[in-house]
Amino acid sequence: MKRLVLLVVASLVAASASSQIYVKLNALYAVVGVINPSLEAVVTPNSSLAVDITYSPWRSIRGHHANFGFFLGEYRYYFKQAAKGWYVSGNLGLGAFDISKPTTTTGHLHIKKGYGKGFGIMGGIGAGYQHTFRERWVVDAFIAVDFMRSWYNGYAENGEIVMNPQGHEDYLHPDPFNGSSEFIPAKVGVSIGYRIFNPKGPKGKKG
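As the structure is a computational prediction, the values presented were derived from the model and not from experiment.

Draft legend 1. Structural view of the packing of aromatic side chains. Taken as a whole and judged by the stated rule, the model has 10 aromatic pairs. Ring centres of F133 and W137 lie 6.5 Å apart, and the angle between their planes is 25°; on these two criteria the pair is classed as stacked. Taken together through their ring pairs, the aromatic side chains of F133, W137 and Y194 make up a single cluster. It is K187 that lies over the ring of F142; its NZ or CZ is 4.9 Å from the centre.

Given below as structure tokens:
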């Protein structure tokens, strides 16, 4: 996974020498105190590469843990022109978390008691629409659904580690390390962005 991160970063650096570059911030996440900046670089007339960092600094919300961070590398294909209009995307990423997980085991959505600390890898697909205004500014509305595989330790509300988590009932010895797989909404929001570099600016000027 470290190689994936390095590959995405290296690709963006290589692309930045001759591409339009946009920096963005997810306004929808910002409203609830979650930081989600992103960088997008055009690589062909119809495609781009992007990186996203999502970080929630919330250690506790009404007693529930909500501290996590994710890194996503994304490829976008625009149907008409890169960085404009409708697009589909594919992404790969990794993250770490300290969260109280939601569940529907009782027939309705609620937050589990206790929390889990661990890490995970993910991959998925998405779609969105990007609109340009005042030449350099963009509004990017998007959603992506990923399949995530995670590994973690579970903790009770008092902070004690759960030595026999669900699924380990037949283990001969206590083993707190657990794992799970699920589909998650990896990206959703509306980002405001600004083009910081354009090698093919007006009259041949960069800007």
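Draft legend 2. Inspection of the pairing of strand β2 (residues 37-44) at higher detail. Here strand β1 (residues 21-26) pairs with β2 via 5 bridges, running antiparallel. Each bridged residue has a counterpart across the sheet, and for V23 the counterpart in β2 is L39. The sheet contact formed by β2 and strand β3 (residues 47-61) spans 6 bridges and is antiparallel. Paired with V42 across the two strands is S48, which belongs to β3. With antiparallel pairing between neighbouring strands as the criterion, β2 and β3 make up a hairpin whose turn holds 2 residues.

Draft legend 3. A look at the environment of V188. Mapped onto the elements of the fold, V188 is located in strand β10 (residues 177-197). For the pair formed by V188 and A144, sequence separation is 44 residues and the distance between their alpha carbons is 6.4 Å. In contact with V188, other than residues within four places in its own chain, are N26, L28, Y29, F142 and I143.

About the criteria used
- Residues numbered from 1 in each chain as written.
- Predicted model: local features only at pLDDT ≥ 70, side-chain atom pairs only at ≥ 80, totals over all residues.
- Heavy atoms only, no water.
- Phe/Tyr/Trp six-rings, centres within 6.5 Å; stacked < 30°, edge-to-face > 60°.
- Lys NZ or Arg CZ within 6 Å of the ring centre and 35° of its normal.
- Pairing = 2+ DSSP bridges.
- Helix = DSSP H or I, 4+ residues; strand = E, 2+ residues; numbered from the N terminus.
- Contact = heavy atoms within 4.5 Å.

By themselves, these are just geometric observations and shouldn't be taken as functional.
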